[in-house]
Amino acid sequence: MSFPDKAQRKTCWDARDRYWECLDDENIKDSSLIPKVCAELRRAFEKSCPSKWVTHFDRKRDFMVFKEKMQKEGFEPIKEKE
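Residues numbered from 1 in each chain as written. Predicted model: local features only at pLDDT ≥ 70, side-chain atom pairs only at ≥ 80, totals over all residues. Heavy atoms only, no water.

### Some points on the overall build of the chain
A count of helices and strands for the chain gives 3 helices and 0 strands. Its C-alpha atoms give the chain a radius of gyration of 16 Å, more than 25% over the compact-globule value 12 Å for 82 residues. Along the longest, intermediate and shortest principal axes, the C-alpha atoms of the chain span 55 × 30 × 15 Å. Taking all 82 residues of the chain together, 26% fall into the buried category. Partitioning the intrachain contacts of the chain with sequence separation of at least 6 by distance along the chain shows that 57% fall at a separation of at least 24. Carbon and sulfur atoms make up 54% of the accessible area of the chain, which totals about 6800 Å². (Helix = DSSP H or I, 4+ residues; strand = E, 2+ residues; numbered from the N terminus. Rg over C-alpha atoms; globule rule 2.2 N^0.38 Å. Buried < 20%, exposed > 50% of the residue type's maximum accessible area, 1.4 Å probe, protein only. Contact = heavy atoms within 4.5 Å. Areas by Shrake-Rupley, 256 points an atom, 1.4 Å probe, with all protein chains shown as cover.)

Right, here's the structure in full:
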């Protein structure tokens, strides 16, 4: 697949956004879990975007979920041995 033009990029981003919205509605935090209700949106996302982009967007969403969790809950620093 050659580099997507403007219309193809918009189609890809719209498919990604619809899929992510479904994951949010189902309260799915791990991108490797695909609920049945979101499966069709996932297929549309994969069909609309280059595979490298799908991988990138999956990793990006996982990081965004992790970052949000850290901001809300904080973290425990690792205690160094003395």
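### Observations concerning the packing of aromatic side chains
With the rule as written, the count across this model stands at 5 aromatic pairs. Centroid distance Trp20 to Phe57: 6.4 Å. Interplanar angle 90°. Geometry classified as edge-to-face. With Trp20 in helix 1 (residues 6-25) and Phe57 in helix 3 (residues 51-73), this pair connects stretches of sequence that are 37 residues apart. The pair formed by Trp20 and Phe57 is uniform in burial state, with each residue classed as buried. In textbook terms, an aromatic cluster arises when at least three aromatic residues are bridged by ring pairs, as seen for Phe3, Tyr19, Trp20, Phe45, Trp53 and Phe57. In this arrangement the basic side chain of Arg16 is found over the ring face of Trp20, its NZ or CZ atom lying 5.2 Å from the centre. Across from the ring centre of Phe57, 4.6 Å away, lies the NZ or CZ of Arg16, which sits over that ring. (Phe/Tyr/Trp six-rings, centres within 6.5 Å; stacked < 30°, edge-to-face > 60°. Lys NZ or Arg CZ within 6 Å of the ring centre and 35° of its normal.)

### Concerning the confidence of the model for the chain
Residues at a pLDDT of 70 or more form 98% of the chain, whose mean pLDDT is 88. The least confident element of the chain, judged by mean pLDDT, is helix 3 at 90; the most confident is helix 2 (residues 39-48) at 95. (pLDDT = per-residue confidence, 0-100.)

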